[in-house]
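# Geometric and topological summary
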Amino acid sequence: MQPGDEVGMIGPVGRPLKAAAEHYLLGADETGLPAIARLLETLPSHVTGDAFIEVASEAEVQPIANRTGITLHWIYREGAPAGDLLAAKVMATPFPAGNAFGWFAAEAEYATRIREYWRGSLGLGRDATLVAAYWRRGASGHMAG
């Protein structure tokens, strides 16, 4: 993409979150930032957990009206590959115990890593996780994810 190129946006779509979860582990890059912001602005105030958002630099931080008990963590790439620091941080954070839900949206390679980690290594099912590849490095066009 070049500055000035047109981009499109749709949403919200997709499978819903676990409605009654009390604890969340959330992760997204810039492409998932609108969705994660909506979650932090609309989930009940009593829910807890951690949300990680990876952006290029501190200059990319967006205001989010977080109305939850979820702690928001901004990760600054500063030249690292998109998704690398985000996936590492999400995998290093213990999945919440009890009534919990994991949500992750980012580049396809890292979405696959998180899905395999949560579902394979941790044995979590679709009822406890939602992982989406929002884009694919090196691909462009409609539905490049």
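Because the structure is predicted, anything quoted here is derived from the model rather than measured. (Residues numbered from 1 in each chain as written. Predicted model: local features only at pLDDT ≥ 70, side-chain atom pairs only at ≥ 80, totals over all residues. Heavy atoms only, no water.)

### Regarding the nonpolar core
If you look at the biggest cluster of nonpolar residues, it comprises 22 residues, and the most contacted ones within it are Tyr24, Leu26, Ile36, Ile70 and Trp103. Listed by contribution, the elements that provide at least two residues to this core are β1 (23-28), α1 (33-42), β2 (48-55), β4 (100-107) and β5 (129-135). Broken down by element, the residue count for this core peaks at six residues, all from α1. Setting aside anything within four residues of it in sequence, one finds isoleucine 70 in contact with Tyr24, Leu26, Leu40, Leu43, Val47, Thr48, Gly49, Asp50 and Ala51. Membership of the second largest hydrophobic core comes to 15 residues, among which are Phe52, Ala87, Phe95 and Ala106. (Core = buried A, V, L, I, M, F, W, Y, C linked by side-chain atoms within 4.5 Å. Buried < 20%, exposed > 50% of the residue type's maximum accessible area, 1.4 Å probe, protein only. Helix = DSSP H or I, 4+ residues; strand = E, 2+ residues; numbered from the N terminus. Contact = heavy atoms within 4.5 Å.)

### Let's talk about the pairing of β4
Of all eight residues making up β4, eight are buried, and the element is well covered by its neighbours. Where β1 meets β4, six bridges bridge the pair, whose relative direction is parallel. Counterpart to tyrosine 24 in the pairing with β4 is phenylalanine 101. (Pairing = 2+ DSSP bridges.)

### A look at the side chain of aspartate 29
One can find aspartate 29 in the loop between β1 and α1. Buried charged residue aspartate 29 carries no salt bridge. Nearest counter-charge: arginine 77, at 5.9 Å. Engagement of the side chain of aspartate 29 in a polar contact is seen with the backbone nitrogen of glutamate 107, the distance being 3.4 Å. (Lys, Arg positive; Asp, Glu negative; His and termini not counted. Salt bridge = Lys/Arg side-chain N within 4 Å of Asp/Glu carboxyl O. Polar contact = N/O pair within 3.5 Å; in protein donor to acceptor, adjacent residues only side chain to side chain.)

### Thoughts on unusual backbone geometry
A positive phi angle, close to 45 degrees, is found at glutamate 78, a residue other than glycine. Relative to the helices and strands, glutamate 78 resides in the loop between β3 (69-76) and α2 (84-92). Taking the relative accessible area as the measure of exposure, glutamate 78 reaches 58% and is therefore exposed.

### Describing the confidence of the model for the protein
Confidence in the prediction for the protein averages 87 pLDDT; 85% of positions are at 70 or higher. Across the protein, the element-wise mean pLDDT spans from 85 in β5 up to 98 in β3. (pLDDT = per-residue confidence, 0-100.)

### Points about the environment of valine 61
Among the secondary structure elements, valine 61 is positioned in the loop between β2 and β3. Residue valine 61 is classed as partly exposed on the basis of its relative accessible area, which comes to 31%. Along the chain, valine 61 and leucine 33 lie 28 residues apart, while their C-alpha atoms are 9.8 Å from each other.

### Some remarks on the pattern of salt bridges
Tallied over the full model, the rule gives three salt bridges. Here glutamate 30 ties to arginine 77 by a salt bridge, and the two come within 2.6 Å at their closest N and O atoms. Here the residue glutamate 30 occupies a position in the loop between β1 and α1, and arginine 77 occupies one in the loop between β3 and α2, the gap between them amounting to 47 residues. A relative accessible area of 13% places arginine 77 in the buried class. Close ionic contact of arginine 77 with glutamate 54 constitutes a salt bridge, the shortest N to O distance being 2.8 Å. Separated by 23 residues along the polypeptide, arginine 77 in the loop between β3 and α2 and glutamate 54 in strand β2 bring together distant segments of the chain.

### Quick word on the environment of alanine 108
Within the element layout of this structure, alanine 108 appears in helix α3 (residues 108-121). Taking C-alpha positions, alanine 108 is 9.0 Å from glycine 83, a pair spaced 25 residues apart along the chain.

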